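Chain and residue survey
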Amino acid sequence: MAQALDIERWNLECEFNNMDHSTELNGADRLIVRRGQLFTISLYLRSGRYQPGVSSLDCIAETGPQPSEQYGTRASFGLSANIDTSCWSAAVISPPGDMVALSVCSPPDAPIGRYTLTLGGSGRIEFILLFNPWCTGDAVYMDNEQSLAEYVLSQDGIIYRGSSKHPIPSPWNFGQFESGILDVCLKILDMNPKCLKNPGKDCSGRRNPIYVSRVLSAMVNCNDDKGVLYGKWTDGYEGGVSPMFWRGSVEILRNWNTQSCQPVRYGQCWVFAAVACSIFRALGIPCRVVTNYLSAHDNNSDLVIERNIDENGELTESKEMIWNYHCWVESWMTRPDFRSDLNGWQASDPTPQEKSEGVYCCGPVPVRAIKEGELTCKYDSAFVFAEVNADVVTIMKNKDGSTSKVTSTTVVGQKISTKSVGSDAREDITHLYKHPEGSDEEREAFRKANHQNKLLQEQQNEGLHLAIKVTSDMRKGCDFDVFAVVTNNTQSEKKCRLVFGSRAVSYNGFLGDNCGFKDLLNVELSPGAERRVPLRLNYSKYGGLITGDNLIRLAALVMDYSTRETAVAVRNIVLDNPEIKVRILGEPKENQKLAAEITIRNPLPEPLENCCFSIEGANLTGGHVISERLGFSVGPGEDAKVKIYFTPTHSGMRKLLVDFDSNKLCHVKGYKNVIVGK
């Protein structure tokens, strides 16, 4: 007759198990394991000995507030001779005796979350179960160790901002293993409306990374729920901080948790995407942040962005915008709901733009489906396709009320970028979203997507060609020239009007005030001739107008008096901030205090007040931001310099993120890679 094991105490062997499951950076104070992979705990018996074939142990694994076998959130199982990795199972791997080494394994499709494991009548242990991208049976399996190190384990990264002609790398602290962050991520799942409405069904859904991705896409914004971030793009940031303020996700997630799930103010696209990336990685889903330059926001699904201008080439208000850049995330998983070539990277977007199935969320949609123009694929494929492929039609509204179509060369979806695996270089992944321009494959994708505008386009050889040229050296604080270049490609003399203007612009396309303007009524060009028209941009004019994005929108319009044809050229330029120099003083070692000497030179022709340096870094600054404020102003051309102390807690390559803020030069970012020894 079977004899139940009489357990007195146990050891969860957290240090060994967490190391084996690649969760050791969460600490060793509790058991955190991945599904589809066995873990081993030590049981110490009060009486009797373990005897193979005689001893028994009834185990029950449960998750969620309403565990049920029907939903797959409760499983009963006993001792087996061997572990079965396809279902909940347990086996003793030690010889007979009063100490029992018990191996336990969950199935690779078990719901993730907090679990209790009941061991007979005398033991009840708690652990956290995560997705397992190292397990071939898991839907998030990824078969490349370097990619896993980057997309699951790396706690810092680079997000690309700036412009398509000048991508600017911006460091970010994902911090998914910092103290308490995993608990916050699980709380985000528990606070989602589907869980509040039907917790049993929601916890069951957590076996599926597609379901979890969609929940997170909605919960990172707060538009329909108790989500993490409040988005704001206009009219100041009273009651919160500028999205430029944030250097990482840790402070945002902790603030949401301590503020009773009230949204953290404020976020914009790169902040939404970065916080989502932290949560995905914390839960075990491989994830990366992606930037799409010249990203279209098409709100009526016609794949066309209609841009209206007046006779001076100035944009008039439009609901549909072209964002200078837009960030979203890609997560890695299989799509059993589609054919196998749509497995892999899935795009999802937590920035609240349009509703999907009644909720502000977007995706996940297979990136491959976007490339092939397959717009019936769930979820939100048409919206993402438009972001990278929409056509831009420019309409000029004349003073008499008439309208005319204007030739323009804006192409959306350029230089789609992400951080490279294992290095700080930019990886261009445009080819994953789009076929080469003009190729047969591109036309086939447009045909599938019914993108008639693109299919009907023919290459036009305009009589007058218009382009905007700039110099490579455009720094904030300097005065510099930009150029409108008009070329006469015809065999006849041309007389035309040229309007060339500049305005401050936010990264998502909202226009500010005029930074410089020129209107030439009589530009004469002989056949084949070219004319370069300069426009001077002075810091005294643009300095007080541009946003923290440092962006200026240049727009030129040329009108041929003889044919009444009009062409327009638009280009966004980004002004460079000064470089922050970081010098590490001393040899970086675990648990030894270090200093960073940080310097920045004031490039402006006016003093900087209220100067403040801040640093943070995963496993470098104790999960906190360390700030140092200067008690004096920094004059033009002078250096601001501080020394900030910090203590690394883990060895390996780490990023120390640095932020400089002042009244005139706001949130300048920098970083230093620090190799910490043992």
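Placed above this text is the structure.
First, a word on what this report is: a plain description of the structure on this page.

Criteria and cut-off values
- Residues numbered from 1 in each chain as written.
- Predicted model: local features only at pLDDT ≥ 70, side-chain atom pairs only at ≥ 80, totals over all residues.
- Heavy atoms only, no water.
- Pairing = 2+ DSSP bridges.
- Helix = DSSP H or I, 4+ residues; strand = E, 2+ residues; numbered from the N terminus.
- Axes fitted to C-alpha atoms, helices over the stretch in contact; angles between N-to-C directions.
- Buried < 20%, exposed > 50% of the residue type's maximum accessible area, 1.4 Å probe, protein only.
- 1 Å grid on protein atoms, 1.4 Å probe; cavity = no way out; pocket = protein on both sides within 12 Å on 5 of 7 lines; lining within 4 Å.
- Points joined across faces, edges and corners; volume = space filled by probe spheres on them.
- Nonpolar A, V, L, I, M, F, W, Y, C, P; charged D, E, K, R; others polar.
- Parallel < 35°, antiparallel > 145°, perpendicular 65-115°, else oblique.
- Left-handed = near helix turned anticlockwise from the far one by under 90°.
- Contact = heavy atoms within 4.5 Å.
- Polar contact = N/O pair within 3.5 Å; in protein donor to acceptor, adjacent residues only side chain to side chain.
- Salt bridge = Lys/Arg side-chain N within 4 Å of Asp/Glu carboxyl O.
- Phe/Tyr/Trp six-rings, centres within 6.5 Å; stacked < 30°, edge-to-face > 60°.
- Lys NZ or Arg CZ within 6 Å of the ring centre and 35° of its normal.

What follows concerns the sheet that holds strand E34 (residues 581-585). Across the sheet, 3 strands lie side by side as E34-E35-E38; this open sheet has antiparallel pairing. Across the chains shown, the open sheet's two edge strands, defined by having one partner strand only, are E34 and strand E38 (639-646). Averaged over all pairs of adjacent strands, the angle between their axes in this sheet comes to 20°, without regard to strand direction. Where E34 lies against strand E35 (residues 594-601), 5 bridges are found, and the strand directions are antiparallel. Bridge pairing in E35 places Arg583 opposite Glu597.

Attention shifts here to the pairing of strand E11 (residues 123-130). With 6 of its 8 residues buried, E11 lies for the most part within the structure. Bridge count for strand E3 (residues 32-34) against E11 is 3 bridges, and the pairing is parallel. Within E11, the residue paired with Val33 across the bridge is Leu129. Alignment of strand E10 (residues 113-119) against E11, held across 7 bridges, turns out to be antiparallel. Directly across from Arg114, in E11, lies its bridge partner Ile128.

Let us look at the environment of Glu565. By the element assignment, Glu565 lies in the loop between strand E32 (551-560) and strand E33 (566-574). Sequence separation between Glu565 and Lys405 is 160 residues, and the spatial gap between their C-alpha atoms is 8.7 Å.

Turning to the layout of surface pockets, a few remarks are in order. In this structure, the second largest pocket encloses a volume near 770 Å³. In terms of lining residues, the second largest pocket is bounded by 33 residues, among which Leu294, Arg307, Thr410, Val570 and Arg571 are the most central. Listed by contribution, the elements that provide at least two residues to the lining of the second largest pocket are strand E17 (304-309), strand E18 (321-333), strand E27 (464-470) and E33. Its residues placed into classes, the lining of the second largest pocket shows 14 nonpolar, 12 polar and 7 charged.

What follows concerns the packing of helix H6 (residues 209-219) against helix H8 (residues 269-283). Two elements in contact, H6 and H8, have axes whose closest approach is 10 Å; the angle formed by their N-to-C orientations is 150°. Judged by the inter-axis angle, H6 sits roughly antiparallel to H8. In the packing of H6 onto H8, the handedness of the crossing is right-handed. Here H6 contributes Val212, Ser213 and Leu216 to the contact with H8, which in turn contributes Ile279, Phe280 and Leu283.

Summarising the element assignment, Gln37 is placed in the loop between E3 and strand E4 (39-47). For Gln37, the side chain forms a polar contact with the side chain of Asn132, separated by 3.1 Å.

Attention shifts here to the environment of Phe77. Within the element layout of this structure, Phe77 appears in strand E7 (residues 74-77). As for Phe77 and Ala467, which are separated by 390 residues in sequence, their C-alpha atoms are 71 Å apart.

Moving on to helix H2 (residues 145-153). Note: α-helices contain 3.6 residues per turn, so residues at a spacing of three or four share the same orientation. Burial in H2 covers these residues: Ser147, Leu148, Glu150, Tyr151 and Val152. The elements touched by buried residues of H2 are E3, H8, strand E16 (287-297), strand E19 (344-348), strand E25 (414-419) and strand E26 (426-428). For H2, the side-chain oxygen to backbone nitrogen distance between the N-cap and Gln146 is 3.0 Å, and the N-cap itself is Asn144.

A few words now on the pattern of salt bridges. Pairs may arise between side chains of opposite charge once their charged atoms sit close together. Inspection of the entire model under this criterion finds 31 salt bridges. For Arg74, the salt bridge identified is with Glu69, shortest N-O distance 3.1 Å. Overall, Arg74 belongs to the partly exposed group, its relative accessible area being 27%. The salt bridge involving Glu444 is made with Arg447; its shortest N-O contact spans 2.5 Å. Highlighted residues: Glu444 and Arg447, both in helix H12 (residues 440-448), separated by 3 residues, approximately one helical turn. Connected through shared salt-bridge partners, Arg339, Asp341, Glu374 and Lys448 make up one network.

In total, this model carries 22 aromatic pairs according to the counting rule given. Taken together, a centroid distance of 5.4 Å and an interplanar angle of 10° make the contact between Tyr115 and Phe127 stacked. Here Phe127 lies in strand E11 and Tyr115 lies in strand E10, a separation of 12 residues in the sequence. Within the aromatic cluster, the residues linked to one another by ring pairs are Trp233, Trp270, Phe272, Tyr293, Trp323, Tyr325 and Tyr507. The aromatic ring of Tyr230 is capped on one face by Arg265, whose charged end is 4.3 Å from the ring centroid. The aromatic ring of Phe483 is capped on one face by Arg532, whose charged end is 4.6 Å from the ring centroid.

Our next topic: empty space enclosed by the protein. Under the counting rule described, the total for this entry stands at 5 cavities of 30 Å³ or more. There is about 70 Å³ of room inside the largest cavity. Taken together, Glu150, Tyr151, Gly157, Ile158, Phe174, Cys277, Arg281, Arg288, Val289, Thr418 and Lys419 form the lining of the largest cavity. Elements represented by at least two residues in the lining of the largest cavity include exactly H2, strand E12 (156-163), H8, E16 and E25. Of the residues that constitute the lining of the largest cavity, the class distribution is 5 nonpolar, 2 polar and 4 charged.

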